[in-house]
Amino acid sequence: MIDPRFGRAEYLLMYDEEKNEFTKFDNRDVKNVAHGAGPQTAQKLFDMNPDILITGNGPGGNAAAVLEKAGIKIYTGAGIMTVKEAFDAYKKGELTEI
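To start, this report covers the structure provided alongside it.

Thresholds applied
- Residues numbered from 1 in each chain as written.
- Predicted model: local features only at pLDDT ≥ 70, side-chain atom pairs only at ≥ 80, totals over all residues.
- Heavy atoms only, no water.
- Core = buried A, V, L, I, M, F, W, Y, C linked by side-chain atoms within 4.5 Å.
- Buried < 20%, exposed > 50% of the residue type's maximum accessible area, 1.4 Å probe, protein only.
- Helix = DSSP H or I, 4+ residues; strand = E, 2+ residues; numbered from the N terminus.
- Contact = heavy atoms within 4.5 Å.
- Patch = residues over 30% accessible without salt bridge, like charges linked within 9 Å, V, L, I, M, F, W, Y side chains within 5 Å.
- Areas by Shrake-Rupley, 256 points an atom, 1.4 Å probe, with all protein chains shown as cover.
- Salt bridge = Lys/Arg side-chain N within 4 Å of Asp/Glu carboxyl O.

Take the nonpolar core next. Formed by Phe6, Leu12, Met14, Ala42, Leu45, Met48, Leu53, Ala63, Leu67, Ile72 and Ile74, the largest nonpolar core amounts to 11 residues. Contributing elements (two or more residues each) for this core: strand 1 (11-16), helix 1 (37-48) and helix 2 (61-69). Here this core gets 3 residues from one element, more than from any other, and that element is helix 1. Not counting residues within four places of it along the chain, the set of residues in contact with Leu53 comprises Phe6, Leu45, Pro59, Leu67, Ile72, Lys73, Ile74 and Tyr75. Core analysis: the second largest hydrophobic core is formed by 7 residues, Ile2, Met81, Ala86 and Leu95 among them.

This is the structure in structure tokens:
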């Protein structure tokens, strides 16, 4: 299931459509961060250089600013979906772009 909380998601999953392969990134180091988990997670995504982010409720203001500067398109509404359901919903245009 996709975690509805962007910044506190335990793992980030990157899908490469060209290679048809997944890569998992551990994000549990933000678990005990009192403030700033979203920007820390956004920085990890920035370093990963994806084209899009599919998430539950979406990142907060500071994290969203980092992602927007990186040119990453953000799609929300996947917080109660499995990864496959979220990807299918994205492909069908059923998620909200922010």
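What follows deals with a nonpolar patch on the surface. Residues Leu13, Phe22 and Val83 make up a contiguous nonpolar surface patch of about 280 Å² in total accessible area. In this fold, Leu13 is placed in strand 1.

Among all residues except glycine, the phi angle is most often negative; among peptide bonds, the trans geometry is most common. Backbone geometry at Asn20 places phi at a positive 55 degrees, although glycine is not the residue there. By the secondary structure assignment, Asn20 is in the loop between strand 1 and strand 2 (21-26). The backbone of Asn49 shows a phi angle near 60 degrees, a positive value even though the residue is not glycine. With respect to the secondary-structure elements, Asn49 resides in the loop between helix 1 and strand 3 (52-54).

So yeah, pure geometry; function would need other evidence.
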